[in-house]
Amino acid sequence: MAKRVSARKVKIHRQYTYESAAEALEVSIQTVRGWRSQGLAVLDGQKPHLILGHELKRFIESRTPKTSRKLGPDEFFCMSCRAPRKPYDRMAEYVPFNATRGRLVALCESCETSCSKFVSRKSFEGLARIRTIATRETC
Ligand SMILES: [Zn+2]
């Protein structure tokens, strides 16, 4: 049941039947049918029912384990821990590249390795309300 399904096997411009999706993803047809009740959108106006590739991919990505989920706005992916981490002491530094984009740099709360990620200035300003962030201007 805990079998990992790789969204990379899905071709987004293809349409799948339950059978072809099951074959492409190496799962049972019952598994694919079961995904429908878990939120997978199926085109059921005709037979056979079809699943659009991009919808299948979205669905699989949405159910991948938490360790590989999208990072939250205040999380960094630590290369040492190989996991999403919050910044040490809730501090991060925003290093602007230009008027709209920059890099957030922080230390991992677990191992204190330096982590960074690209952010838009807008999302950084959203973060600034909840955390202390030192801003350094480029010169
Ligand atoms: Zn770490």
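About the cut-offs
Residues numbered from 1 in each chain as written. Predicted model: local features only at pLDDT ≥ 70, side-chain atom pairs only at ≥ 80, totals over all residues. Heavy atoms only, no water. Helix = DSSP H or I, 4+ residues; strand = E, 2+ residues; numbered from the N terminus. Contact = heavy atoms within 4.5 Å. Areas by Shrake-Rupley, 256 points an atom, 1.4 Å probe, with all protein chains shown as cover. Core = buried A, V, L, I, M, F, W, Y, C linked by side-chain atoms within 4.5 Å. Buried < 20%, exposed > 50% of the residue type's maximum accessible area, 1.4 Å probe, protein only. Donors = N, O, S within 2.8 Å, 3.2 Å for Na, K, Ca; no water. Tetrahedral: all angles 85-135°; square planar, octahedral: opposite > 155°, others 65-115°. Axes fitted to C-alpha atoms, helices over the stretch in contact; angles between N-to-C directions. Parallel < 35°, antiparallel > 145°, perpendicular 65-115°, else oblique. Left-handed = near helix turned anticlockwise from the far one by under 90°.

Asker: What should I look at first to understand the overall build of the protein chain in this one?
Answerer: Broken down by element type, the protein chain carries four helices and eight strands. Helices (α) and strands (β) of the protein chain occur, in sequence order from the N terminus, as β-α-α-β-α-β-β-β-β-β-α-β. The long-range share in the protein chain, meaning contacts at least 24 apart out of those at least 6 apart in sequence, stands at 43%. Here the protein chain has roughly 9300 Å² of accessible surface; of this, 52% comes from carbon and sulfur atoms.

Asker: Explanation requested: the environment of Glu 61 in the structure shown.
Answerer: With respect to the element layout, Glu 61 can be found in helix α3 (residues 53-62). For Glu 61 and Arg 8, which are 53 residues apart along the polypeptide, the C-alpha to C-alpha distance reads 9.3 Å.

Asker: Before we go on, may I ask you to explain the nonpolar core in this structure?
Answerer: The nonpolar side chains of soluble globular proteins are, as a tendency, buried together. Residues Leu 25, Val 32, Trp 35, Ile 51, Leu 56 and Ile 60 are the most contacted members of the largest nonpolar core, which totals 17 residues. Contributions of two or more residues to this core are made by α1 (18-25), α2 (29-37) and α3. The element that contributes the greatest number of residues to this core is α1, accounting for four residues. Ignoring sequence-local partners within four residues, the contact set of Ile 60 consists of Val 5, Ser 6, Ala 7, Val 10, Leu 25 and Trp 35.

Asker: What exactly am I supposed to notice about the coordination of the zinc ion here?
Answerer: Ideal geometry at a metal centre: 109.5 degrees between donors when four sit tetrahedrally, and 90 or 180 degrees when six sit octahedrally. Taken together, Cys 78 (SG), Cys 81 (SG), Cys 108 (SG) and Cys 111 (SG) make up the full set of protein donors to the zinc ion, lying 2.2 to 2.3 Å away. Given four donor atoms and angles of 105 to 113° at the metal, the environment of the zinc ion is assigned as tetrahedral. Going along the chain, you hit the donors of the zinc ion in the pattern C-x2-C-x26-C-x2-C. For Cys 111, a relative accessible area of 35% translates into the label partly exposed.

Asker: How should the packing of α1 against α2 be read in this particular structure?
Answerer: For any two helices packed against each other, the geometry comes down to the angle between their axes and how far apart the axes lie. Taken N-terminus to C-terminus, the directions of α1 and α2 make an angle of 115°; their axes are 8 Å apart at the nearest point. Taken together, the axis directions place α1 and α2 in an arrangement best described as roughly perpendicular. By crossing handedness, the relation of α1 to α2 is classed as right-handed. The segment α1 lies against α2, with Tyr 18, Glu 19, Ala 21, Ala 22 and Leu 25 engaging Ile 29, Val 32, Arg 33, Trp 35 and Arg 36.

Purely geometric stuff here, so don't read any function into it on its own.
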